[in-house]
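If you want the building blocks of each chain, they are given just below.
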Amino acid sequence: MKKARSKTTKIIILILLAIFSVFTPLSIMQNTVSASPVVGFKPGFIISDNIFTNYMTMSPGQIQSFLLSKVPVCDTWGTGGSTPTARRDYIRSYGYDVPLKCLIDYTENGKSAAQIIYDTAQKYQINPQVLLVLLQKEQGLVTDDWPGPWQYKKATGYGCPDTAPCDSQYYGFTNQLDWSAKMFRAIMNNSPTWYTPYVLGNNFIKYNPNASCGGTTVNIQNRATQALYNYTPYQPNQAALNAGYGTGDSCSAYGNRNFYQYFTDWFGSPQFGNLVRTVGNATVYLVSGDNKYPIADINILGSLGPFGGVSYVKQSYLDDKITGNVLGRAIISGGGGTVYYFSSGIKLPFTSCSQVADYGYDCGQVATLTGYQINALYSGPTMTSVLRTTNGKRFYIKSGEKKEVFDDASLQANGVPLNANLLGEASISNLIYGTPVVRDNVVAVSRNTGKKYLTQGSSFVNLPLDIAKYNAFSKLTSSLLDDASIVSQTVVGGFSGFAQDSTGNKYVIDSQGKSLLLTPENWTNSFTLLDDALLGSITNSAQSLSAGFIKTNNNATLYMVIDGKKYSIPSWGDFINLHLDKSASYAVIADTTKNSIPIGANIYSPGALIKTSNNATVYVINGILSKIALSSFNVSKDFGLDGVKVVPQKDLEVYVSGNGQLTNFVTCDGNDYLANRGKIYEIDSEAASMYGYGNVIKTTWDSVGCSNLNKSGTSLSNYSFIKIINTKTIYYLQNGQKRPIGSMEKYSELGGSSDKLLIVSAGVSDTISDGSPV
Amino acid sequence: MKVKTKKTYKKKIIIVLVCLLVLAGIYGTVAFYQDWFPFVKDKNTSKDVNGIDYNLPTDEQKQAGERQKKSTAEQNPDTKTNTSQDQNSNSGGTLQVTITANQNGNIVQIRSFITKISSSGTCNITLTKGSSKVTKSSGIQALPSESTCRGFDISTSELTAGNWQATIVVGIGTQTGSATKLIAVK
């Protein structure tokens, strides 16, 4: 039995050891709170003045809810300790007894603790959250579910030396809060009757009441921090900071550390709260000291990210502040000195007040911020005159204007250094656009519309897109500019491809280059003056425009340009016959260039017969833009012309009518001709005498018109005999008369032969006077 | 034979139980560090639109409060039997005084802290350097946890550069105290 019991005991011990081995480490781990070091504690700036004095952060109800959230159940009878009586015994050991009252249930003079906290906050305009944290860091009252009565008596630790009992005149929950808040307010007001040993600036702050623990010089940056040091005259040493809420070393002090920790965890960062608004008004203000600066630009608000979020305050809080100018992006520390520009949470020092002015601000009018606020912004590089934006633009900032920069060469041409800071474009939204920094003979492209502009001195020449594609311009450097930059320049419109240089030479720019216009007035009166160097750089086009024939790539219609108008040519035959050389040459130009030339009407080749549908008169086109009425189709037949075209009235009206009607006599290039049966024969002086054509009425045709007539290679004087077609009588021409020859023998006798015999139309025969038979 | 069979059965059970416990221990250790069941942390934080934390306090927060509570616990005066010194007592004794000094530009700031809360009394400071001597006096300002002399900001026009010995003598009622510190004036 002894042996068996021994074995059973061993087994039980083994199991117990196993259980112990498992749960002991766990229980140790559970009870070991791994300390998170304090983050962001700054001994010179524990809490911002704005947060410290924002007395409207919580209503009594909110305070009550907050207290309830921290102690949902109060251990009134002290039974919740390690043993059912441990807490009660602890309380009794100090001469008190249960029941205990938690802060949420505590009342004094009929007022709840929440109401007392709220009332005190309102009375002294101190943030009730500050008072809540004060109650916690001094006595743990906010989280304590079994507070001892002494904790209320010296709830805020006011009047309690570190090394001696408290002064009883300060006892009492309401009294404690009142003294604390009164002191805070006195220091915030810099009251002359409340001496504080701490100054704004450098102070020697100890780590611990024990002087041997030492301390450091702390630059106290605001009154709220100054007030906290009046309350707790020690700063946490590194061991205290490393311990989070825990204990550091023998030289640690925890008051200000715990204030910062509790405030941060329960109410957010105590260091900010510079941005405020009321519930009823959306205007956000940057509060700095006694001043408030309205923020009108959402981008500026966005640039104050390091200042934290926007807090809600009562109107009366704002009313107590002096309203400054609308907040721009230039700021200065209250102590004077450097003026900064801020953007995206970064501050960039200006180099001079003149540079401040360039950015649209006035050194004397910039918002004054506290040193801490200035320090809260990240430090950036020195401000530069040139600024690159995160969306790829570049501006030269001068005299309150932002001048968009075309390229490095443009900056260099203007003597501006290339170095630039990179910021969001919104950071210069206050500046108006100035004339861009751009050099000559480059192409600026509008970011907004895609339109292109040729830079010429102080002007931008609007380049139509089809012309901009031409090598003359596409080879030029191009860059994007905002429309606002472009319209700040003089924009020259109407460039249609016709250009002139400073000496008056006029050109058409086409796809191949430039073509010098010998008769520019024939094309347009609107030539855009372009830089000589630019025009010089454009190669000469191989296209010839001298004949005036044009077309575009996008349309098959051919045009002839005459006297500043373009006339469409309805058929290929007309097109060829409008050419003096009967070639098919034409030049391809831009649509814009073509469209800039006013439209005329259809143009037909000289020699064509035209009429309108509502008039019987037929005209012969006897020149590029001239016509003459046809007397009879016999005449046109003698000219070799046929096929009447019915044309619109407007086409007809294009042609200037010559006097009279078309006869068989025509003058071409100074020579007179007779039209006979499809050919024209030159009437030389001998023929004039023989045929009696000395004073006949002739119509003059232009060279193109004449080129369309079939000229005989033989002059009329070679023909001394005529015979009317389809008749047998041969006539001998002598002294302006036609004399019938009676016999073939006579004909032979007169020297007649087939090469001297001209077969004529009846009409031509009628033009010769009859003579006596031979 | 019966007894032998019983023994073998028991051993097996014990081995299995021990193995299970070891495995549970391994899981427990891993679970603790990985926040697995049953150590899942409540990540559901409750903050209102103003950023006020309405969650239960953390253990760290409670423990820090508890430490503060216990460090300030004091006897109920109604039941107090001993005769400890009361702060309001003006009976004679020595006041503990400490001095700190800091120079801000041309102002030498000399501060004294007295381990008694009082807004009455006097402070006298004497600064000596060789044969040079500067004396000042001030009243006393009560602070929440101590008192301070209402001074002393002394211009460097009164204190030439060098080491000055500062002695502050404080008198509150019948209590007195003093401190001495060597101050380097630049």
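Here the structure is shown first, and the text comes after it.
Below is a short write-up of the structure. (Residues numbered from 1 in each chain as written. Chains lettered and ligands numbered in written order. Predicted model: local features only at pLDDT ≥ 70, side-chain atom pairs only at ≥ 80, totals over all residues. Heavy atoms only, no water.)

## Here we look at the overall build of chain B
The helix and strand inventory of chain B stands at two helices and ten strands. N-terminal to C-terminal, the α/β element order of chain B is α-α-β-β-β-β-β-β-β-β-β-β. Relative to its full complement of 186 residues, chain B shows a buried share of 36%. Considering only intrachain contacts with a sequence separation of at least 6, the fraction spanning at least 24 residues in chain B is 55%. Total accessible area on chain B stands at roughly 10900 Å², and carbon and sulfur atoms take up 55% of it. (Helix = DSSP H or I, 4+ residues; strand = E, 2+ residues; numbered from the N terminus. Buried < 20%, exposed > 50% of the residue type's maximum accessible area, 1.4 Å probe, protein only. Contact = heavy atoms within 4.5 Å. Areas by Shrake-Rupley, 256 points an atom, 1.4 Å probe, with all protein chains shown as cover.)

## Examining the state of the cysteines
All names here are of chain A. What the rule picks out here adds up to six disulfides over all chains. Residue Cys160 pairs covalently with Cys166 via a disulfide, S to S 2.0 Å. Taking the torsion about the S-S bond as the criterion, the Cys160 to Cys166 disulfide, at about 110 degrees, is right-handed. Judged by its relative accessible area of 4%, Cys166 falls in the buried class. Shown here is the disulfide that connects Cys668 with Cys706, its sulfur atoms set 1.8 Å apart. The sign of the -95 degrees torsion about the S-S bond sets the Cys668-Cys706 disulfide as left-handed. (Disulfide = S-S within 2.5 Å.)

## Digging into helix α9 (residues 223–231) of chain A
All names here are of chain A. For α9, the tally of buried residues reaches nine of nine residues, placing the bulk of the element in the interior. By the burial criterion, the buried members of α9 are Arg223, Ala224, Thr225, Gln226, Ala227, Leu228, Tyr229, Asn230 and Tyr231. Of the surrounding elements, those touching the buried residues of α9 are α2 (49–52), α6 (128–139), α8 (173–188), β3 (201–206), β4 (215–220) and α11 (255–267).

## Topic: the pattern of salt bridges
Proximity of charged atoms lets side chains of opposite charge pair with each other. Residue and element names in this part refer to chain A. All chains considered together, the criterion is met by 26 salt bridges over all chains. In this structure, Lys111 and Asp119 form a salt bridge, with 2.7 Å as the shortest nitrogen-oxygen distance. The class of Lys111 is partly exposed, set by a relative accessible area of 38%. Asp119 sits in the partly exposed class, given a relative accessible area of 23%. (Salt bridge = Lys/Arg side-chain N within 4 Å of Asp/Glu carboxyl O.)

## Looking at a nonpolar patch on the surface
A surface patch of nonpolar side chains, about 760 Å² in accessible area, is lined by Tyr9, Ile13, Val16, Leu17, Leu20, Val22, Leu23 and Ile26 of chain B. By secondary structure assignment, the location of Val16 of chain B is in helix α1 (residues 2–34). (Patch = residues over 30% accessible without salt bridge, like charges linked within 9 Å, V, L, I, M, F, W, Y side chains within 5 Å.)

## Let's talk about the pairing of strand β15 (residues 386–389) of chain A
Residues and elements named next belong to chain A. As paired elements, β15 and strand β16 (residues 394–398) share three bridges and run antiparallel to each other. Across the sheet, residue Val386 finds its bridge partner in β16, namely Tyr396. Taken together, β15 and the strand that follows it, β16, pair antiparallel across an intervening segment of four residues, in which Gly392 is found at a positive phi of about 95 degrees. (Pairing = 2+ DSSP bridges.)

## Examining the pairing of strand β29 (residues 549–552) of chain A
Residue and element names in this part refer to chain A. Neither face of β29 is exposed, since Phe549 and Lys551 on one face and Ile550 and Thr552 on the opposite face are all buried. Two elements, β29 and strand β30 (residues 555–562), share three bridges in a ladder whose sense is antiparallel. Residue pairing across strands places Phe549 opposite Met560, the latter belonging to β30. As consecutive antiparallel partners, β29 and β30 are separated by two residues. Pairing of β29 with strand β32 (residues 587–588), which is carried by two bridges, proceeds in the parallel orientation.

## Considerations on the environment of Gly364 of chain A
With respect to the helices and strands, the residue Gly364 of chain A is situated in the loop between α14 (353–358) and β13 (367–369). We classify Gly364 of chain A as exposed; its relative accessible area is 62%.

## Examining the sheet that holds β13 of chain A
Residue and element names in this part refer to chain A. Across the sheet, five strands lie side by side as β13-β10-β11-β12-β14; this open sheet has mixed pairing. With partners counted over all chains shown, the strands left at the sheet margins are β13 and β14 (378–379), one partner each. Two strands pair when backbone bridges link them, and strand β10 (residues 330–333) and β13 are joined in this way by three bridges, in the parallel orientation. Considered in β13, the bridge of Ser333 is made with Leu369.

## Concerning unusual backbone geometry
A cis geometry characterises the amide bond from Val98 of chain A onward to Pro99 of chain A, with omega recorded as 0 degrees. Residue position: Pro99 of chain A is located in the loop between α4 (86–93) and β1 (107–108). The peptide bond linking Gly151 of chain B to Phe152 of chain B adopts the cis configuration, its omega dihedral lying at 10 degrees. Positive phi outside glycine occurs at Asn109 of chain A, with the angle close to 50 degrees. Structurally, Asn109 of chain A is set in the loop between β1 and β2 (111–112).

## Considerations on the packing of α6 of chain A against α11 of chain A
All names here are of chain A. For the pair α6 and α11, the least separation of the axes is 9 Å and the interaxial angle reads 130 degrees. By the criterion of interaxial angle, the relationship of α6 to α11 is oblique. Seen along the crossing, α6 lies across α11 with a hand that is right-handed. Residue-level inspection shows Gln129, Val130, Leu132, Val133, Gln136 and Lys137 of α6 in contact with α11, the latter providing Gly255, Asn258, Phe259, Tyr262, Phe263, Trp266 and Phe267. (Axes fitted to C-alpha atoms, helices over the stretch in contact; angles between N-to-C directions. Parallel < 35°, antiparallel > 145°, perpendicular 65-115°, else oblique. Left-handed = near helix turned anticlockwise from the far one by under 90°.)

## Focus on the interface of chain B and chain A
Between chain B and chain A, the contact holds 63 residues from the first and 86 residues from the second. Of the roughly 6000 Å² buried where chain B meets chain A, counting both sides, 54% is carbon and sulfur surface. The interface formed by chain B and chain A includes two salt bridges. Measuring nitrogen to oxygen at the nearest pair gives 3.0 Å for the salt bridge that ties Asp144 of chain A to Lys69 of chain B. When residues of the side of chain B that touches chain A are traced back to their parent elements, those giving at least two are α1, α2 (59–71), β2 (97–104), β3 (107–114), β6 (140–142) and β7 (147–149) of chain B. No other element matches α2 of chain B, which puts eleven residues into the side of chain B that touches chain A. Residue classes in the side of chain B that touches chain A are distributed as 22 nonpolar, 27 polar and 14 charged. (Buried area = accessible area lost by both parts, 1.4 Å probe. Nonpolar A, V, L, I, M, F, W, Y, C, P; charged D, E, K, R; others polar.)

## As for the side chain of Asn256 of chain A
Residue and element names in this part refer to chain A. With respect to the helices and strands, the residue Asn256 is situated in helix α11. Judged by relative accessible area, Asn256 falls into the buried class, the value being 1%. In terms of polar contacts, Asn256 uses its side chain to reach the backbone carbonyl oxygen of Thr232, at 3.0 Å. (Polar contact = N/O pair within 3.5 Å; in protein donor to acceptor, adjacent residues only side chain to side chain.)

## Let's talk about the nonpolar core
One finds Phe52, Phe66, Phe173 and Phe184 of chain A to be the most contacted residues of the largest nonpolar core, which totals 77 residues. Residues within four places of Phe66 of chain A in sequence aside, it is in contact with Met58, Leu132, Val142, Trp266 and Phe267 of chain A together with Ile52, Asp53 and Tyr54 of chain B. Judged by nonpolar contacts, the second largest core, of 24 residues, contains Phe549, Ala601, Ile621 and Val654 of chain A. (Core = buried A, V, L, I, M, F, W, Y, C linked by side-chain atoms within 4.5 Å.)

## What about the environment of Ser596 of chain A?
All names here are of chain A. By the secondary structure assignment, Ser596 is in helix α22 (residues 591–596). On the basis of relative accessibility, which here comes to 29%, the residue Ser596 falls in the partly exposed class. Ser596 has contacts with Ser496 and Phe498, leaving out every residue within four places of it along the chain. Reaching out from Ser596, the side chain makes a polar contact with the side chain of Ser496 at a distance of 3.3 Å.

## What to know about the sheet that holds strand β35 (residues 619–623) of chain A
All names here are of chain A. Strand order in the open sheet formed by five strands is β37-β34-β35-β36-β38, and the pairing between neighbours is mixed. Single-partner strands in this sheet number two, and they are β37 (644–646) and β38 (656–662). The average angle at which neighbouring strand axes cross in this sheet is 35 degrees, direction not considered. Sheet topology note: the strand β34 (residues 609–611)/β37 ladder contains three bridges and is parallel. For Lys611, the partnering residue across the bridge sits in β37 and is Val646.

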